[in-house]
Amino acid sequence: MSSIAHTDADAGGVASGVSGGSAPQDAPVLSRRLMAAGMLGNVLEWYDFAVYGFLASIFARNFFPETSPTAAMLSVFGVFAASFLMRPLGSVLFGHIGDRLGRRAALMSSAALMSISTFCVGLLPTYETAGVLSAVLLLVLRLAQGLSVGGEYMTSAVFLAENAQMRWRGAVTSLVIVGCNGGMLLGSAVGALVSGLMSADDLAAWGWRIPFLLGCLLGGFALFLRRTVARDVKPVHRPTLPVVEAFRENGGDILRATLINIVLGIAYYLAFVYLATWLQQQEHFTPHVALELNAISMAVVMVGCLGFAALSDRIGRKPLIVGGFLCLAVFTWPLFLLLHSGSTGLALLGQLGFAVIVSIYGGPIAVALVEMFPRHTRCTAVGLSWNLGLGLGGGTAPMVAVLLVSLTGDAMAPAFYVIAGGVVAFLAALGLKETRGRPLD
């Protein structure tokens, strides 16, 4: 990334000239501090979501012990889904802040909310101590985290894209995806490390708290970087609410993007959150092995998204997005067969296959969404389409998968869900307009 970065000393000289939606095309792109400031909030937020998903079975035992194992898992993933339902509200709230008060103000406030709520999850009493109140407190904190994520991901994508040179815009904007996958990878790695170093009883009793308490370190660093960033796009002062303007001017694009993001969420959260639990319950892998496989595949996604986003700067966004969803529809069944083989090596190949497919369309999706909408409603429109899609698709995907397996008795049932989504997203992506090389207003 050295070719698209410059020193922090250079950043100050360029920052004062950034008042529109795009950096000057002959200017340096971003300082390393600016890139880190745009990325680290996503590392924190997806680290937390990953840890929660990876430790789902322990949350079921500690917060919903009075129900059957299936009902307890449904309750845990129901709380997970409820947090996603807050994401559209978060996109409206933080999108308004970003479009009217500035991108940095939105990024600071979202990171602060996530840091506090993540730390508090690590301090929660369990059912044994507080009864039903423990589950209520867990739900409240997950809702706060969902609100924060609703403002973080796409606001940081907008921030990076608006400060990037046109020729590197896809690669630079994909740093938010790298941050998300880095957070998922870090959460997986920490989960694997903690579960590997502790006995199962200690992990269930108190060890599960450690990853959440450590999250405050990431949050503090992200807040420090964002507080010291000087560059920002000049806010647009208009009388109409950004959310009203967004739907009035770009309602069709918001709906199309939302549909695509629903499927993106289904595939992503089944492949990299639910499968860690699925491999333990259906294939009887140990938690340590399941998390290790997930960590390896997440590392591939992190590198792959950056690579395919950079490729989109050369060949366009649409070919990769359309091709990626076609691959999802065609290859999901054979990849699930590998996962269901009972072999650790074949299961790894299956997860790596999903990692490559997700990277193909996941790499360029952030910059494609940013380029779809005008500056004065960009944070709101991009955030809404992303979070409505991820909330409806990703937030419910683990719960739907659990239900499908329970109702059919077939461990392969979630594959049909992903295949159907891949077909729908492929057809929707065919109507996308190519935006590569188009200046941001």
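Structure's up top.
Just so we're clear, the structure is a prediction, and the values are computed from it rather than from any experiment. (Residues numbered from 1 in each chain as written. Predicted model: local features only at pLDDT ≥ 70, side-chain atom pairs only at ≥ 80, totals over all residues. Heavy atoms only, no water.)

Novice: Sorry, what's going on with a nonpolar patch on the surface here?
Specialist: Side chains of Val132, Leu133, Val136, Leu137 and Val140 sit close together on the surface and give an oily, nonpolar patch of about 420 Å² of accessible area. The residue Leu133 is located in helix H8 (residues 132-162) in this model. Leu133 gets classed as partly exposed once you look at its relative accessible area, which sits at 49%. (Patch = residues over 30% accessible without salt bridge, like charges linked within 9 Å, V, L, I, M, F, W, Y side chains within 5 Å. Areas by Shrake-Rupley, 256 points an atom, 1.4 Å probe, with all protein chains shown as cover. Salt bridge = Lys/Arg side-chain N within 4 Å of Asp/Glu carboxyl O. Helix = DSSP H or I, 4+ residues; strand = E, 2+ residues; numbered from the N terminus. Buried < 20%, exposed > 50% of the residue type's maximum accessible area, 1.4 Å probe, protein only.)

Novice: Explain the packing of helix H5 (residues 87-100) against helix H17 (residues 378-394) to me, please; I cannot follow it from the model alone.
Specialist: The geometry of a pair of packed helices is captured by two quantities: the angle between their axes and the separation between those axes. Direction vectors running N to C along H5 and H17 enclose 170 degrees, while the axes themselves pass 8 Å from each other. Here H17 runs roughly antiparallel to H5, going by the angle between their axes. Considering how the two elements wind past one another, H5 and H17 form a crossing that is right-handed. Across the interface between the two elements, Arg87, Pro88, Ser91, Val92, Gly95, His96, Gly98 and Asp99 from H5 touch Arg378, Cys379, Thr380, Gly383, Leu384, Trp386, Asn387, Leu388 and Leu390 from H17. In terms of residue class, the contact of H5 with H17 is made up of seven nonpolar, seven polar and three charged. (Axes fitted to C-alpha atoms, helices over the stretch in contact; angles between N-to-C directions. Parallel < 35°, antiparallel > 145°, perpendicular 65-115°, else oblique. Left-handed = near helix turned anticlockwise from the far one by under 90°. Contact = heavy atoms within 4.5 Å. Nonpolar A, V, L, I, M, F, W, Y, C, P; charged D, E, K, R; others polar.)

Novice: How should the pattern of salt bridges be read in this particular structure?
Specialist: Pairs can form between side chains of opposite charge whenever their charged atoms are close. The final tally for this structure, using the stated rule, is eight salt bridges. The partner of Arg100 in a salt bridge is Glu245, and the shortest N-O contact between them spans 2.9 Å. You can see Arg100 sitting in helix H5 and its partner Glu245 sitting in helix H13 (residues 242-281), a full 145 residues away along the chain. Two residues, Arg169 and Glu371, come together in a salt bridge whose shortest N-O distance is 2.9 Å. Highlighted residues: Arg169 in helix H9 (residues 169-173) and Glu371 in helix H16 (residues 344-372), separated in sequence by 202 residues. For Arg169, a relative accessible area of 0% gives the class buried.

Novice: Would you mind showing me how to read the packing of aromatic side chains here?
Specialist: The geometry of two aromatic rings is summed up by the distance between their centres and the angle between their planes. Enumeration over the complete set of coordinates arrives at 13 aromatic pairs. Directly above the aromatic system of Trp168 lies the positively charged group of Arg314, at a separation of 5.4 Å from the ring centroid. (Phe/Tyr/Trp six-rings, centres within 6.5 Å; stacked < 30°, edge-to-face > 60°. Lys NZ or Arg CZ within 6 Å of the ring centre and 35° of its normal.)

Novice: Would you mind going over empty space enclosed by the protein with me for this structure?
Specialist: Over the atoms, a rolling probe the size of a water molecule traces out where space has been left empty. As enumerated under the stated definition, the model contains three cavities of 30 Å³ or more in all. Computed from the structure, the largest cavity encloses a volume of approximately 140 Å³. Taken together, 16 residues line the largest cavity, and the ones lying closest to its centre are Tyr153, Ile177, Leu264, Tyr268 and Trp386. Going through the elements one at a time, helix H10 (175-197), H13, helix H14 (287-315), H16 and H17 are the ones with two or more residues in the lining of the largest cavity. Sorting elements by how many residues they give to the lining of the largest cavity places H16 first, with four residues. For the lining of the largest cavity, the class distribution of residues is 14 nonpolar, two polar and no charged. In this structure, the second largest cavity encloses a volume near 90 Å³. Around the second largest cavity, the lining residues are Ala257, Ile260, Arg317, Lys318, Ile321, Ile365, Ala368, Leu369, Met372, Leu432, Lys433 and Thr435. Those elements that provide at least two residues to the lining of the second largest cavity are H13, helix H15 (317-339) and H16. (1 Å grid on protein atoms, 1.4 Å probe; cavity = no way out; pocket = protein on both sides within 12 Å on 5 of 7 lines; lining within 4 Å. Points joined across faces, edges and corners; volume = space filled by probe spheres on them.)

Novice: How should the layout of surface pockets be read in this particular structure?
Specialist: Quantified by volume, the largest pocket comes out at close to 260 Å³. Lining the largest pocket we find 16 residues, and of these Ser57, Ile58, Ala200, Leu203 and Pro287 sit closest to its centre. Secondary-structure elements contributing two or more residues to the lining of the largest pocket are helix H3 (56-63), helix H11 (200-207) and H14. Within the lining of the largest pocket, the residues separate by chemical class into nine nonpolar, six polar and one charged. Its boundaries defined by the atoms lining it, the second largest pocket holds a volume of some 150 Å³. In terms of lining, the second largest pocket is formed by Asp253, Arg256, Glu371, Met372, Gly431, Leu432, Lys433, Thr435 and Arg438. Secondary structure elements with two or more residues in the lining of the second largest pocket: H13 and H16.

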